[in-house]
Amino acid sequence: MNKPIYMDYQATTPCDPRVVEAMLPYFTEHFGNAASRNHAYGWQAEEAVQKAREQIASLIGASPKEIIFTSGSTEAINLGLKGAVEMYGSKGKHIVTTLVEHKAVLDTCKHLEKQGCEVTYLKPDEHGMVSAQQVADAIRDDTILVTILWGNNEVGTLNPIREIGAVCHERKVLFFTDATQTVGKIPVDVEADHVDMLCLSGHKIYGPKGVGAMYVRRRNPRVRIVAQMDGGGHERGMRSGTLNVTGIVGLGKACELCQQELEAEMKRTSELRDHLTDRILGALDHVKVNGHPTERLPGNANISFAYVEGESLLMGINDVAVSSGSACTSASLEPSHVLRAMDVGEELAHSSIRFGIGRFTTREEVDHVADRVIENVNRLRELSPLYEMVQEGIDLSTVQWQADH
Amino acid sequence: MAYSDKVLDHYNNPRNVGALDKSSSKVGTGIVGAPECGDVMKLQIEVEGDRIVDAKFKTFGCGSAIASSSLATEWIKGKTVDEALEIKNTAIVEELSLPPVKIHCSVLAEDAIKSAVRDYKEKQQESQS
C-alpha cells in the first residue's frame, strides 16, 4: 500500500534531511557530554550546544543566554508555570489563561488549582481569539502569571500576543506564551511582543522529537523560576539533566532553516491552504472554515462539513493522513474543547477535519486531497438523513431527537 | 484503530441506501440518535401482510454506525415484523466485530428497527380505528 498523503503538520513534522545531516556526527564522533569541562569531547559538545542556542535565540529575537533546553513544550509549560508559581507564589495565587489552551497548559493549571491557585479561563470569541482587553480585565492585584496560547493547534487562530504582552508588562505580571505552533511559522520577537517566557518544540518545526526549548527573559524583568527536577544544575539551575546534544543540534539547525525560509514558506503554505479551502468551498455547500479568517497560522485549515460525521469522512479519505476535530476516534467520544469553547455547535464539531499543510506539501497533494474530500462528502451526504432533512426544508434545531446514548 | 473487513465492506458498499414514502400506510419510519451525539439513523420498512418486503436507511455517523444500519436493513428484509424485533444488538456486534467503544452503534441500529416497527404498527392501528 502506498503511504497516505501527510496533511497533519500540526501534529508533527518529518525531520528535514538537512537537520538529520547536521545531527549525525553527534551520535558517534562528537558524543561528548556538554558538561565535561576537562577535555575536547566536552568542549566540542558544549560548542555545538552554544551554536544551537544562538540559532534558536536568533529565530525569536532573544539572547542565547535566555534559552533553556527541555524535552519539548509539555516540559517547558510545566517548568514555566509551576516554576513561576513556586517562585512568586508569596505575591499572589491568581493565574489568567484561556479555554482553548493545549492540554499541557490546562492540566498544569488544574494541578496548580489543587495546590491553592485560582485560575481564570478566558472564553474566546467565535474565531477562537481572546483580546488584550479581556486579559486586562481579568488581571487582579494578586495575579502573578498570564499564560496564553499564541497559535491554536486545532483551528490555527493567532492571539494578539503583542498587545497582550504589553498589557502584562504594563501591569507587571509575568507573561508565558505557548508558541509551539507559532515559532518558525510566523515572525516571533520576544522583545517587541513583550514575552517573558515561551516554549517551542523541535518536532513541530522539522526537527527531532523529544527536544524543545524555553525562553526565559533575563532583563526587564529578570524572570526567576524554581526548577522542577533536581540534579546537576544544568541550564542555569533551571533544568537539570545531561543535555541531549544530538537533539539540540537538530533543534538549532531546524530553527536556522525556519528563519532562512520563513517568509517564502509563509507565502507558499498560505497559498496552498487557500487553494484547499477555495476548492472545497467552491464544490460543496454547508461547509464552514473554523478559526479566524485572517489572523491565523499559514498552514492550517480546520473545516466543518455539516451533516457528515468526521470519523466516517476520515474513513473515506483513507489515503490522506489528517486529524478529526471530533474526538470520536479517541476513547472520549467528546468533541474538541477548542471548538466547544468557540461555540461552533456540537454537531459541527463532530463534522470537522483539521488539514495541516507544511514544508513538504505539494500543490498536487492538495488537489488530490480536495478531490477525495469533495467526493466523499458528497457520497456521505447521500447517506445522511440530516442532509436529506435539510434538503426537504426541515430546520434541524426544531426536531425532537430520540437520543439516550 | 483498524476496522473489520465487514465494517469496511458495508461502509464502502452500503446496502439499501435511500428513502421510502413515509406517508404510505405500508411504510414504517424510525429515526434515532441526535446530531450533537454524532450519530443519527433513519431506518424505513415497507410491509406487505406481516412481512418486510423492503428496507432503506440513511445514517449520519461513524463507519461502524453506517455498517450497523446497513447490516440491519439486510437482515430484516424478508423477515416478518415480529422476527425483525428479535434482532439483538449483540448479534450485530458479533457479525461486524465491533470494538467496545462502538457498541452504541449496534444499540442504535436495534433501536432504529424497533422504532420503524412501532411507527408501522401505530399507522396500522390508526387506519383500523
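Here the residue numbering is sequential within each chain, running from 1 through the sequence in written order. Here the convention is simple: chains get letters from A, ligands get numbers from 1, in the order in which they are written. The predicted nature of this model means local features are confined to residues of pLDDT at least 70 and side-chain atom pairs, given and counted, to a pLDDT of 80 or more, with totals for whole chains, interfaces and linings taken over all residues. Where side-chain values are given, they derive from all heavy atoms of the structure, hydrogens and water being excluded.

Turning our attention to the packing of helix α4 (residues 89–96) of chain B against helix α5 (residues 103–128) of chain B. Residues and elements named next belong to chain B. Working convention: axes come from line fits to C-alpha atoms, limited for helices to the stretch in contact. Angles between N-to-C directions cover 0 to 180 degrees. Helix and strand definitions here come from DSSP, where helices need a minimum of 4 consecutive H or I residues and strands a minimum of 2 consecutive E residues; each element is numbered from the N-terminal end. Between α4 and α5, the shortest axis-to-axis distance is 8 Å and the interhelical angle comes to 130°. One way to sum up the angle between α4 and α5 is to call them oblique. Classified by chirality, the crossing of α5 by α4 is right-handed. Contacts between α4 and α5 involve N89, I92 and V93 on the former and, on the latter, I103, S106, V107, A109 and E110. The cut-offs work like this: below 35 degrees is roughly parallel, past 145 is roughly antiparallel, 65 to 115 is roughly perpendicular, and the gaps in between are oblique. Crossing handedness is read from the near helix: turned anticlockwise from the far helix by less than a right angle, it gives a left-handed crossing, and turned clockwise, a right-handed one. Here, residues are in contact when the closest pair of their heavy atoms is within 4.5 Å.

Here we come to the sheet that holds strand β3 (residues 51–60) of chain B. All names here are of chain B. Here we have three strands laid out as an open sheet, ordered β1-β2-β3, and antiparallel in their pairing. Since the sheet does not close on itself, it has two edges, and those belong to β1 (27–34) and β3, each with one partner. Each strand of the sheet is rotated relative to its neighbour by a mean of 15°, with strand direction disregarded. Whether two strands pair comes down to DSSP finding at least two bridges between them. One ladder, built from eight bridges, connects β1 with strand β2 (residues 39–48); its direction is antiparallel. Note on β2: the bridge partner recorded for V32 is M41. Across the sheet, helix α2 (residues 63–76) lies against β2 and β3, angled at about 175° from β3, the strand it touches most.

With that settled, consider the domain arrangement of chain A. All names here are of chain A. What fixes the domain bounds is an automatic or database domain assignment. Segmenting chain A into domains produces domain 1 (5–9 + 262–400) and domain 2 (17–258). A straight line from the C-alpha centre of domain 1 to that of domain 2 covers 30 Å. Listed as interface residues are 25 residues of domain 1 and, on the opposing side, 31 residues of domain 2. Buried area: the accessible surface (1.4 Å probe) lost by two parts on joining, summed over both. For the pair domain 1 and domain 2, the summed buried surface comes to about 2,400 Å²; carbon and sulfur atoms form 59% of the total. Of all residues in domain 1, L262, L297 and R359 give up the largest surface area on contact with domain 2, accounting jointly for 29% of the area buried on that side. Salt bridge, as used here: a side-chain nitrogen of Lys or Arg that lies within 4 Å of a carboxyl oxygen of Asp or Glu. Along the contact surface separating domain 1 from domain 2 lie one salt bridge. Where K123 meets D343, a salt bridge forms, and the shortest distance between an N and an O atom there is 3.2 Å. Between N or O atoms, a polar contact is any pair within 3.5 Å; within protein, one atom must be a potential hydrogen donor and the other a potential acceptor, and residues adjacent in sequence are included only when both atoms are from side chains. Between domain 1 and domain 2 we count 14 residue pairs in polar contact (both at pLDDT 80 or more) in total. The set of elements that each furnish at least two residues to the side of domain 1 that touches domain 2 consists of α7 (245–283), β10 (300–305) and α9 (337–341). Considering every element that reaches the side of domain 1 that touches domain 2, the biggest residue donor is α9, with five residues. In this classification, Asp, Glu, Lys and Arg are treated as charged, Ala, Val, Leu, Ile, Met, Phe, Trp, Tyr, Cys and Pro as nonpolar, and every other residue, Gly included, as polar. A breakdown of the residues in the side of domain 1 that touches domain 2 according to their chemical character gives 11 nonpolar, eight polar and six charged.

Bringing the sheet that holds β10 of chain A into the picture now. Note on sheets: strands pair through backbone hydrogen bonds, and any given pair is parallel or antiparallel. Residue and element names in this part refer to chain A. The strand order across the open sheet built from four strands is β9-β10-β13-β12, with neighbouring strands paired in antiparallel fashion. In the strand order of this sheet, the two ends are held by β9 (287–290) and β12 (323–324), each with one partner. When β9 meets β10, the two strands line up antiparallel, connected through four bridges. Its bridge partner lying in β10, K288 is registered against S304. Packed onto the sheet, α7 meets β9, β10 and β13 (352–356) and runs at close to 15° relative to β10. Across the sheet, helix α11 (residues 363–382) is in contact with β9, β10 and β13; its angle to β10 comes to roughly 15°.

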